[in-house]
Amino acid sequence: MGTDLHELLRSLRVWDPEVTSLPGFDPAAAPDDPLDLFARWLAKAATAGQPEPHTMSLATADDEGRADVRTVMLHGADADGWAFATHAGSRKGRQLAGRPYAALGFYWPLLGRQVRVRGPVAVASAEEAQADLHVRSTGALAAALTGRQSERLGSVEELRLASQAAWERARREPDAQAPTWTLYRVRAEEVEFFQGDASRRHVRLAYRRAGNDGWHRELLWP
(Lines give C-alpha, C1' and ligand atoms only; values in the text may rest on other atoms or scores of the structure.)
Protein backbone atom coordinates (compact mmCIF):
# COMPACT_ATOMS: atom_id res chain seq x y z
CA MET A 1 0.00 0.00 0.00
CA GLY A 2 1.32 3.43 -0.91
CA THR A 3 1.89 6.29 1.49
CA ASP A 4 -1.14 8.45 2.25
CA LEU A 5 0.54 11.81 1.82
CA HIS A 6 -2.28 13.85 3.32
CA GLU A 7 -2.47 11.62 6.40
CA LEU A 8 1.31 11.81 6.78
CA LEU A 9 1.29 15.59 6.59
CA ARG A 10 -1.47 15.87 9.19
CA SER A 11 0.55 13.68 11.58
CA LEU A 12 3.69 15.80 11.47
CA ARG A 13 4.39 18.46 14.08
CA VAL A 14 6.15 21.80 13.78
CA TRP A 15 8.62 22.71 16.53
CA ASP A 16 8.11 19.58 18.62
CA PRO A 17 9.11 20.66 22.15
CA GLU A 18 11.03 17.41 22.58
CA VAL A 19 13.58 18.53 19.99
CA THR A 20 12.97 22.25 19.55
CA SER A 21 13.77 25.16 21.87
CA LEU A 22 12.24 28.47 20.88
CA PRO A 23 14.48 31.23 22.29
CA GLY A 24 13.21 34.70 22.97
CA PHE A 25 14.02 37.51 20.57
CA ASP A 26 13.81 41.20 21.48
CA PRO A 27 13.94 43.15 18.20
CA ALA A 28 14.52 46.40 20.10
CA ALA A 29 17.89 45.03 21.17
CA ALA A 30 18.92 43.93 17.66
CA PRO A 31 22.08 45.48 16.20
CA ASP A 32 21.96 48.18 13.53
CA ASP A 33 23.57 45.93 10.90
CA PRO A 34 21.77 42.71 9.88
CA LEU A 35 25.09 40.98 9.26
CA ASP A 36 25.90 41.20 12.97
CA LEU A 37 22.59 39.59 13.91
CA PHE A 38 23.01 36.94 11.22
CA ALA A 39 26.43 35.97 12.61
CA ARG A 40 24.95 35.63 16.11
CA TRP A 41 22.04 33.51 14.91
CA LEU A 42 24.27 31.27 12.78
CA ALA A 43 26.62 30.70 15.73
CA LYS A 44 23.65 29.94 17.99
CA ALA A 45 22.28 27.43 15.48
CA ALA A 46 25.64 25.71 15.26
CA THR A 47 26.10 25.45 19.04
CA ALA A 48 22.50 24.21 19.41
CA GLY A 49 23.38 21.24 17.23
CA GLN A 50 21.47 22.28 14.11
CA PRO A 51 22.74 20.02 11.29
CA GLU A 52 24.44 21.91 8.48
CA PRO A 53 23.39 25.39 9.63
CA HIS A 54 25.44 26.94 6.81
CA THR A 55 23.22 25.49 4.09
CA MET A 56 20.61 27.71 2.49
CA SER A 57 17.98 27.77 -0.22
CA LEU A 58 19.03 29.81 -3.26
CA ALA A 59 16.22 31.14 -5.46
CA THR A 60 16.82 32.48 -8.96
CA ALA A 61 14.70 33.03 -12.06
CA ASP A 62 15.16 32.09 -15.71
CA ASP A 63 14.80 34.37 -18.73
CA GLU A 64 11.01 33.99 -18.64
CA GLY A 65 10.81 34.89 -14.96
CA ARG A 66 10.07 31.34 -13.81
CA ALA A 67 11.37 30.73 -10.29
CA ASP A 68 13.92 28.06 -9.45
CA VAL A 69 15.32 26.99 -6.07
CA ARG A 70 17.93 24.62 -4.67
CA THR A 71 20.01 24.12 -1.52
CA VAL A 72 23.62 25.33 -1.53
CA MET A 73 26.34 26.14 1.00
CA LEU A 74 27.12 29.60 2.32
CA HIS A 75 30.78 30.35 1.61
CA GLY A 76 30.98 33.61 3.54
CA ALA A 77 29.15 36.76 4.56
CA ASP A 78 30.67 40.19 4.97
CA ALA A 79 30.21 43.79 3.87
CA ASP A 80 30.51 42.66 0.23
CA GLY A 81 27.59 40.24 0.52
CA TRP A 82 26.51 36.67 1.19
CA ALA A 83 28.71 34.35 -0.93
CA PHE A 84 28.14 31.02 -2.65
CA ALA A 85 29.81 29.27 -5.58
CA THR A 86 28.88 27.15 -8.58
CA HIS A 87 29.91 26.54 -12.18
CA ALA A 88 29.12 29.45 -14.49
CA GLY A 89 27.56 27.03 -16.97
CA SER A 90 25.23 25.38 -14.44
CA ARG A 91 21.52 26.14 -14.50
CA LYS A 92 21.81 28.65 -11.67
CA GLY A 93 24.93 30.14 -13.22
CA ARG A 94 23.11 30.71 -16.50
CA GLN A 95 20.08 32.13 -14.71
CA LEU A 96 22.24 34.55 -12.73
CA ALA A 97 23.97 35.67 -15.92
CA GLY A 98 20.58 36.58 -17.38
CA ARG A 99 18.96 37.88 -14.20
CA PRO A 100 21.62 38.79 -11.59
CA TYR A 101 19.27 38.89 -8.62
CA ALA A 102 18.68 36.21 -6.00
CA ALA A 103 17.00 35.34 -2.72
CA LEU A 104 18.46 33.21 0.07
CA GLY A 105 16.62 31.34 2.79
CA PHE A 106 18.10 29.87 5.97
CA TYR A 107 15.98 27.66 8.24
CA TRP A 108 17.10 26.39 11.64
CA PRO A 109 14.17 24.31 12.98
CA LEU A 110 15.88 23.46 16.28
CA LEU A 111 15.44 27.13 17.19
CA GLY A 112 12.36 27.94 15.09
CA ARG A 113 14.37 30.57 13.21
CA GLN A 114 14.54 31.71 9.61
CA VAL A 115 16.60 34.35 7.81
CA ARG A 116 15.70 35.64 4.34
CA VAL A 117 18.04 37.68 2.14
CA ARG A 118 17.30 39.38 -1.20
CA GLY A 119 19.43 41.50 -3.48
CA PRO A 120 21.47 41.85 -6.67
CA VAL A 121 24.23 39.37 -7.37
CA ALA A 122 27.81 40.25 -8.27
CA VAL A 123 30.50 37.93 -9.64
CA ALA A 124 33.80 37.85 -7.76
CA SER A 125 37.11 37.78 -9.57
CA ALA A 126 38.45 34.49 -10.92
CA GLU A 127 41.32 34.75 -8.45
CA GLU A 128 38.90 35.00 -5.53
CA ALA A 129 36.88 32.04 -6.80
CA GLN A 130 39.92 29.79 -7.12
CA ALA A 131 41.28 30.88 -3.73
CA ASP A 132 37.90 30.12 -2.14
CA LEU A 133 37.85 26.68 -3.78
CA HIS A 134 41.36 25.76 -2.69
CA VAL A 135 40.76 26.36 1.01
CA ARG A 136 37.98 23.77 0.90
CA SER A 137 38.15 20.00 1.10
CA THR A 138 39.63 17.61 -1.43
CA GLY A 139 36.10 16.45 -2.10
CA ALA A 140 34.98 19.98 -2.93
CA LEU A 141 37.84 20.33 -5.40
CA ALA A 142 37.09 16.93 -6.92
CA ALA A 143 33.44 17.90 -7.40
CA ALA A 144 34.47 21.17 -9.06
CA LEU A 145 36.92 19.35 -11.34
CA THR A 146 34.25 16.84 -12.34
CA GLY A 147 32.39 19.79 -13.87
CA ARG A 148 29.60 19.57 -16.45
CA GLN A 149 27.07 20.60 -13.79
CA SER A 150 23.44 20.53 -15.03
CA GLU A 151 24.40 18.88 -18.34
CA ARG A 152 22.62 15.70 -19.41
CA LEU A 153 24.24 12.58 -17.90
CA GLY A 154 24.37 9.37 -19.90
CA SER A 155 24.65 6.94 -16.99
CA VAL A 156 25.65 6.59 -13.36
CA GLU A 157 28.75 4.72 -14.53
CA GLU A 158 29.82 7.71 -16.62
CA LEU A 159 29.59 9.88 -13.49
CA ARG A 160 31.54 7.34 -11.43
CA LEU A 161 34.43 7.29 -13.88
CA ALA A 162 34.56 11.08 -14.24
CA SER A 163 34.37 11.56 -10.47
CA GLN A 164 37.08 8.96 -9.84
CA ALA A 165 39.41 10.75 -12.27
CA ALA A 166 38.62 14.09 -10.63
CA TRP A 167 39.35 12.70 -7.15
CA GLU A 168 42.69 11.35 -8.35
CA ARG A 169 43.62 14.70 -9.86
CA ALA A 170 42.49 16.61 -6.76
CA ARG A 171 44.76 14.48 -4.57
CA ARG A 172 47.64 14.79 -7.04
CA GLU A 173 47.18 18.51 -7.77
CA PRO A 174 45.62 20.26 -4.75
CA ASP A 175 46.04 23.60 -6.55
CA ALA A 176 44.37 22.45 -9.77
CA GLN A 177 42.26 25.12 -11.43
CA ALA A 178 38.54 24.71 -12.16
CA PRO A 179 38.06 27.49 -14.75
CA THR A 180 34.26 27.62 -14.69
CA TRP A 181 34.03 27.62 -10.89
CA THR A 182 32.55 30.99 -9.96
CA LEU A 183 32.06 32.81 -6.68
CA TYR A 184 28.91 34.93 -6.40
CA ARG A 185 27.87 37.46 -3.78
CA VAL A 186 24.34 38.59 -2.94
CA ARG A 187 24.50 42.25 -1.91
CA ALA A 188 21.52 42.34 0.41
CA GLU A 189 18.85 44.98 -0.08
CA GLU A 190 16.52 43.23 2.36
CA VAL A 191 17.24 40.88 5.27
CA GLU A 192 14.42 39.47 7.40
CA PHE A 193 14.75 37.60 10.70
CA PHE A 194 11.92 35.32 11.84
CA GLN A 195 11.68 33.91 15.35
CA GLY A 196 8.97 31.33 15.89
CA ASP A 197 6.74 31.45 18.96
CA ALA A 198 4.77 28.58 20.48
CA SER A 199 1.67 30.80 20.70
CA ARG A 200 2.10 31.71 17.00
CA ARG A 201 3.05 35.29 17.91
CA HIS A 202 6.10 35.02 15.70
CA VAL A 203 8.54 37.94 15.61
CA ARG A 204 9.55 39.23 12.18
CA LEU A 205 12.20 41.93 11.97
CA ALA A 206 12.99 43.31 8.51
CA TYR A 207 16.05 45.32 7.56
CA ARG A 208 15.93 47.33 4.34
CA ARG A 209 18.94 49.11 2.92
CA ALA A 210 18.56 52.89 3.12
CA GLY A 211 20.97 54.05 0.43
CA ASN A 212 24.31 55.02 1.92
CA ASP A 213 22.72 55.76 5.29
CA GLY A 214 22.75 52.21 6.61
CA TRP A 215 19.61 50.20 7.29
CA HIS A 216 15.96 50.90 8.07
CA ARG A 217 14.32 48.44 10.47
CA GLU A 218 10.65 47.57 10.87
CA LEU A 219 8.49 44.86 12.42
CA LEU A 220 6.13 42.80 10.25
CA TRP A 221 2.93 41.00 11.15
CA PRO A 222 3.54 37.22 11.26
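Now for a look at the structure at hand. This one's a predicted model, so the numbers in the text were calculated from it and none came from an experiment.

## Here's the deal with the overall build of the chain
- Across its full length, the chain holds 6 helices and 10 strands.
- With respect to the principal axes defined by its C-alpha atoms, the chain has extents near 60 × 55 × 40 Å.
- For the chain, the share of sequence-separated contacts (at least 6 apart) that also reach a separation of at least 24 residues comes to 64%.
- Of the roughly 13,300 Å² of accessible surface on the chain, a fraction of 52% belongs to carbon and sulfur atoms.
- Considering the chain, the positive charge centre built from 28 side chains and the negative charge centre built from 30 side chains are found 3 Å apart.

## As for the pattern of salt bridges
- This structure, assessed with the given rule, holds 17 salt bridges.
- For arginine 136, the salt bridge is made with aspartate 132, and the minimal N-O distance between the two is 3.2 Å.
- Given a relative accessible area of 28%, arginine 136 falls into the partly exposed group.
- Each of Asp62, Glu64 and Arg66 takes part in one network of salt bridges that share partners.

## Overview of unusual backbone geometry
- Phi is positive for tryptophan 15, which is not a glycine, with a value near 55°.
- Mapped onto the elements of the fold, tryptophan 15 is located in the loop between helix 1 (5–11) and helix 2 (34–47).

## Digging into the packing of helix 5 (residues 138–146) against helix 6 (residues 156–172)
- At a minimum axis separation of 8 Å, helix 5 and helix 6 run at an interaxial angle of 125°. Taken together, helix 5 and helix 6 sit at an angle that is classed as oblique. Here helix 5 and helix 6 pass one another in a crossing that is right-handed. Here helix 5 contributes Thr138, Gly139, Leu141, Ala142, Leu145 and Thr146 to the contact with helix 6, which in turn contributes Leu159, Ala162, Ser163, Ala166, Trp167, Arg169, Ala170 and Arg171.
- A breakdown of the residues in the contact of helix 5 with helix 6 according to their chemical character gives 8 nonpolar, 4 polar and 2 charged.

Thresholds, definitions, all that
Residues numbered from 1 in each chain as written. Predicted model: local features only at pLDDT ≥ 70, side-chain atom pairs only at ≥ 80, totals over all residues. Heavy atoms only, no water. Helix = DSSP H or I, 4+ residues; strand = E, 2+ residues; numbered from the N terminus. Contact = heavy atoms within 4.5 Å. Areas by Shrake-Rupley, 256 points an atom, 1.4 Å probe, with all protein chains shown as cover. Lys, Arg positive; Asp, Glu negative; His and termini not counted. Charge placed at Lys NZ, Arg CZ, Asp CG, Glu CD. Salt bridge = Lys/Arg side-chain N within 4 Å of Asp/Glu carboxyl O. Buried < 20%, exposed > 50% of the residue type's maximum accessible area, 1.4 Å probe, protein only. Axes fitted to C-alpha atoms, helices over the stretch in contact; angles between N-to-C directions. Parallel < 35°, antiparallel > 145°, perpendicular 65-115°, else oblique. Left-handed = near helix turned anticlockwise from the far one by under 90°. Nonpolar A, V, L, I, M, F, W, Y, C, P; charged D, E, K, R; others polar.

Shape is all these values report; function is a separate question.
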